[in-house]
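Structural overview
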Amino acid sequence: MIDARLLESLDNATKDCISCGFCESVCPTLPASDYDLSRGARGRVLLGRALYKDLKEKGATEVNVADSFYSCLDCFACVHVCPAGVNAGEVSDIAKEIITATGSPLESQKKNVATMIVNSTMKYGNPLGLRKKAASWSEGLEFDGSSKTLLYTGNMYQLMPFSKSMGAMKAKLGNRAAERIAGYFKSHPQFIKLSGMFQDRTTREEMENSLRNIYALLRKSGADFNYLGEKEPYPGTFLYDLGYMEEFKEYANTVADLFRSEGVRRIITIDPHTHNVLKNNYPGVVKNFDFEIVYYLDLLDNKMFEPGEEDIEYHEPCYFTLREPVYREPEKTLSLAGNVHKPRRSGKNNFCCGGPSELLYPELAHSVSERRREQLEAGRGRRVVTACPICYANLNRDRDVTDIANYLSEHIKG
Ligand code: SF4
Ligand code: SF4
């Protein structure tokens, strides 16, 4: 039985569509899927409408629409061009929640990967059960254990070496092998930590370097903060993104309880996805979620940067530019240390890096990121700087993309 509230949300989110197709002109997954209309913004809205009608009239659907919604990057580029104010990303979010709640079929491999991630997050507080590895970047660094301010990495930088190598493994071994591996971990969650063997070592080095640079930038700015080390849990973003709302609610409350028990009042976030989930999704499922959430760039002492002459190209994270409120601090801070340029597809016309699809649809993610690299590099040869670990991991080939923390660290006076 479908929750009436969810059905009503799907109705409201899809009913105004006039099928004009404007949203297809900006949707990154449409060209990346060789113009498979079910993987474009209009296709998602029309399938969402068909799903609504089937569920309303028959109480079930026979059409397997899951791939259409799960391949959505949630970038929200589509809503900015829709004359009717329809948001295909939001339609995908509602449909995923319905698909998850009704147990509708999701192609088996993706189901294995999704279930493996959900089970492991619920059990170990990390999608791959790797909390010890997630804290290794902080070895030898000092933290203020009595501070009520927490540096919260959300494990996001630390997960990139694994998602990158899992995508590469799937491309190398094929779908069936990846399905079997994910299926094995799903059935034997006690061995999930073995997935720690699958990591891209170069990406791990780069991500740990960024984390240490973020720490150093904050310290040089005079900030005091604690860090939970191996106790730090992942925020549960995948649970939300995959539509596992009941699990997300339970998990978010566990994380909030941990923050409270550690005496935390203020949380410093360091990536757009963790920042968004704490700021916008936790308050909806956790009662009295009254922590102050602040982004690390807002705490930096901007006087410490040396003006730079280098021409750099800034790739904006979708969460900072396509959602409200727009967050401009990364660009402002970067312009203190370099000449910032942006590609044509920027601002409200931004083009996603493809990263959010990396785990379930690595080929699609790769195709989107190749397109974005072409837009960024076309004939310019400038260094590309990103402000999100997912963008960084997905756009980087041969170390030609730089994380904002690493760029800023190169430009500290003295
Ligand atoms: S732009 Fe809006 S109205 Fe037009 S097809 Fe897309 S969702 Fe429908
Ligand atoms: S949110 Fe992004 S990927 Fe999803 S339909 Fe809209 S433009 Fe396409």
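Here's a quick rundown of the structure. (Residues numbered from 1 in each chain as written. Chains lettered and ligands numbered in written order. Predicted model: local features only at pLDDT ≥ 70, side-chain atom pairs only at ≥ 80, totals over all residues. Heavy atoms only, no water.)

A look at the site of ligand 2
Just so we agree on the cut-off: Nearness here has a simple test: a residue counts as near a molecule or strand if at least one of its heavy atoms is within 4 Å of that partner. Helix and strand definitions here come from DSSP, where helices need a minimum of 4 consecutive H or I residues and strands a minimum of 2 consecutive E residues; each element is numbered from the N-terminal end. Asp, Glu, Lys and Arg are counted as charged, while Ala, Val, Leu, Ile, Met, Phe, Trp, Tyr, Cys and Pro are counted as nonpolar; the rest, among them Gly, fall into the polar class.
In the region of ligand 2, 14 residues are neighbours, and Cys27, Cys72, Cys75, Phe76 and Cys78 sit closest. Of all the secondary structure elements, the ones that give two or more residues to the shell around ligand 2 are helix H3 (41-58) and helix H5 (88-102). The class makeup of the residues in the shell around ligand 2 is 10 nonpolar, two polar and two charged.

What to know about the site of ligand 1
Residues in contact with ligand 1, as listed here, are Cys17, Ile18, Ser19, Cys20, Gly21, Phe22, Cys23, Arg42, Val45, Cys82, Pro83 and Val86. Here the residues of the shell around ligand 1 sort into nine nonpolar, two polar and one charged.

Side note on the packing of aromatic side chains
Aromatic ring pairs: the centre-centre distance and the angle between the two ring planes describe each pair. This is how the line gets drawn: Any Phe, Tyr or Trp ring, taking Trp's six-membered ring, that has another such ring centre within 6.5 Å forms a pair; planes under 30 degrees apart are called stacked, those over 60 apart edge-to-face, and the others tilted. The buried label goes to any residue with under 20% of its type's maximum accessible area, the exposed label to any with over 50%, and the partly exposed label to all in between, with areas taken from a 1.4 Å probe on protein chains only. Here, a charge over a ring means that NZ of Lys or CZ of Arg falls within 6 Å of the ring centre while also lying within 35 degrees of the ring normal.
Overall, the coordinates contain 17 aromatic pairs when judged by the stated rule. Taken together, a centroid distance of 5.3 Å and an interplanar angle of 70° make the contact between Tyr240 and Phe248 edge-to-face. Accessibility expressed as a relative area gives 26% for Tyr240, which makes it partly exposed. In this structure Phe248 comes out as buried when scored by relative accessible area, which is 0%. Here the aromatic cluster, defined as three or more aromatic residues joined through ring pairs, consists of Tyr152, Tyr240, Phe248, Phe259, Tyr282, Phe289 and Phe291. Lying across the ring of Tyr70, Lys96 places its NZ or CZ 5.9 Å from the centre. Here Arg219 stacks its cationic end above the ring of Phe225, 4.6 Å away from the centre of that ring.

So, helix H13 (residues 272-285)
Turn by turn, an α-helix covers 3.6 residues, leaving residues three or four places apart pointing in a common direction. Convention followed: Each helix should span, by expectation, one fewer than its residue count multiplied by 1.5 Å. Here the bend at a residue is taken as the angle between two axes, fitted respectively to the seven residues that end there and the seven that start there. Polar contact criterion, stated in full: a pair of N or O atoms within 3.5 Å, where within protein one must be able to donate a hydrogen and the other to accept it, and residues adjacent in sequence count only if both atoms are side-chain atoms.
In this model, H13 (14 residues) spans 19 Å end to end at C-alpha, consistent with the 20 Å of a helix rising 1.5 Å per residue. Residue Leu278 marks the point of greatest curvature in H13, where the axis turns by about 35°. With 10 of 14 residues buried, H13 lies mostly within the body of the structure. Where H13 is concerned, the buried positions are Pro272, His273, Thr274, His275, Asn276, Val277, Leu278, Asn281, Tyr282 and Val285. Among the residues of H13, the N-terminal cap falls to Asp271, whose side-chain oxygen and the backbone nitrogen of His273 are separated by 2.9 Å.

Describing the pattern of salt bridges
Where charged atoms from two side chains of opposite charge approach closely, those side chains can pair. Applicable threshold: We define a salt bridge as a side-chain nitrogen of Lys or Arg found within 4 Å of a carboxyl oxygen belonging to Asp or Glu.
Considering all chains together, one arrives at 20 salt bridges under this definition. In this structure, Lys58 engages Asp54 in a salt bridge whose closest nitrogen and oxygen atoms are separated by 3.2 Å. You can see Lys58 and its partner Asp54 sitting in helix H3, four residues apart, about one turn around the helix. Look at the salt bridges and you will find they share partners, linking Asp3, Arg5 and Glu97 into a network.

A few points about the nonpolar core
Put simply, the rule reads: We define the nonpolar core as a collection of buried residues of types Ala, Val, Leu, Ile, Met, Phe, Trp, Tyr and Cys that are connected through side-chain atoms lying within 4.5 Å of one another. Every residue pair with non-hydrogen atoms within 4.5 Å of one another is taken to be in contact.
Grouped together as the largest cluster of nonpolar side chains are 121 residues, with contacts concentrated most on Leu217, Leu218, Tyr282, Tyr296 and Leu300. No other element matches the eight residues that helix H12 (residues 245-261) contributes to this core. With residues up to four places along the chain from it excluded, the contact list for Leu300 reads Leu217, Leu218, Ser221, Phe305 and Leu408.

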